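Here is what each chain is made of, one letter per residue.
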Amino acid sequence: MSKQIDFLVKLRDAALMMADAANEYIESMAPPEVTASDKEDKKYDANKIKWEKTTGLKGEYERSEDLNSMDFKAMLKDLTAHQGKLTRDGYFYWLFKNGATIGRKKQKTEVRASQ
């Protein structure tokens, strides 16, 4: 029974990783006006949050649990309003399952050929 559960957990995690990658790619193709309106709503400065560099399954990223920072708390609220994921200022941000840790990763810039 435990091998079946382990298999299902790994299958679920793999599907979530694929969905996250697809969402990140779709968000990177958002029109500039969507990104601009999101910036107007922002009431925090991500640069004022303490970030720690770390490495995960998808490579290097930064994470924060800076609960004493008002900017962190505002970002946490914003992430919650966006179902735990958002893209701002060239970074993809996500909320960990524990609800108290935020991760961020610099987005890769794509060079698109003109049509």
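Bear in mind that the values here come from a model prediction, so they are computed numbers and not experimental data. Sequence order as written defines residue numbering, which begins from 1 separately in each chain. The model is predicted, so local features are restricted to residues of pLDDT at least 70 and side-chain atom pairs to those at 80 or more, both for listing and for counting; the totals for chains, interfaces and linings are taken over all residues. Calculation of side-chain values draws on the structure's entire complement of heavy atoms; hydrogens and water are dropped beforehand.

(A) Representation of the overall build of the protein in the model. Numbering of helices and strands starts at the N terminus; helices are DSSP runs of H or I of at least 4 residues and strands are runs of E of at least 2. Helices and strands together make up the secondary structure of the protein, namely three helices and five strands. When the elements of the protein are put in sequence order from the N terminus, they spell out α-α-β-β-α-β-β-β. Counting contacts in the protein only where the partners sit at least 6 residues apart, residues at least 24 apart contribute 49% of the total. In these tables, accessible area is a Shrake-Rupley quantity obtained with a 1.4 Å probe, and a residue counts as shielded only by the protein chains included in the view. As displayed, the protein offers around 8,700 Å² of accessible surface, 57% of which is attributable to carbon and sulfur atoms. Residue contacts follow a heavy-atom distance rule, with two residues in contact if any of their heavy atoms lie within 4.5 Å.

(B) The pairing of strand β3 (residues 85-88), seen in detail. In terms of strand pairing, β3 meets strand β4 (residues 91-95) through four bridges, oriented antiparallel. Within β4, the position partnered with Lys85 by the bridge is Trp94. Between β3 and β4, which follow one another and run antiparallel, lie two residues, and Asp89 among them has a positive phi close to 50°. In this scheme, strands are said to pair when DSSP sees at least two bridges between them.

(C) Structural context of the sheet that holds strand β2 (residues 59-64). Strand order in this open sheet of five strands is β1-β2-β5-β4-β3, and the pairing throughout is antiparallel. Of all the strands in the sheet, just β1 (52-56) and β3 have a single pairing partner and so form its edges. Pairs of neighbouring strands in the sheet enclose a mean axial angle of 30°, with direction left out of account. As judged from the five bridges shared by β4 and strand β5 (residues 102-106), these two strands associate in the antiparallel manner. Counted as the bridge partner of Tyr93 is Arg104 from β5. Interaxial angle, 0 to 180 degrees, is taken between N-to-C directions of lines fitted to C-alpha atoms, where a helix line uses only the stretch in contact.

(D) A look at the pattern of salt bridges. Only one rule defines a salt bridge in this text: a Lys or Arg side-chain nitrogen within 4 Å of an Asp or Glu carboxyl oxygen. Scanning the model with the defined rule gives five salt bridges in all. Notably, a salt bridge pairs Lys10 with Asp6, separated by 3.5 Å at the nearest N-O pair. With Lys10 and Asp6 both in helix α1 (residues 2-28) and four residues apart, this pair spans about one turn of that helix. A relative accessible area of 53% places Lys10 in the exposed class. Exposure categories follow from relative accessible area, calculated using a 1.4 Å probe and restricted to protein chains: below 20% of the type maximum is buried, above 50% is exposed, and the middle band is partly exposed. With relative accessibility at 40%, the residue Asp6 sits in the partly exposed group. Across the salt bridge formed by Glu65 and Arg63, the nearest N and O atoms sit 3.5 Å from each other. Here Arg63 falls in the partly exposed class, since its relative accessible area comes to 25%.

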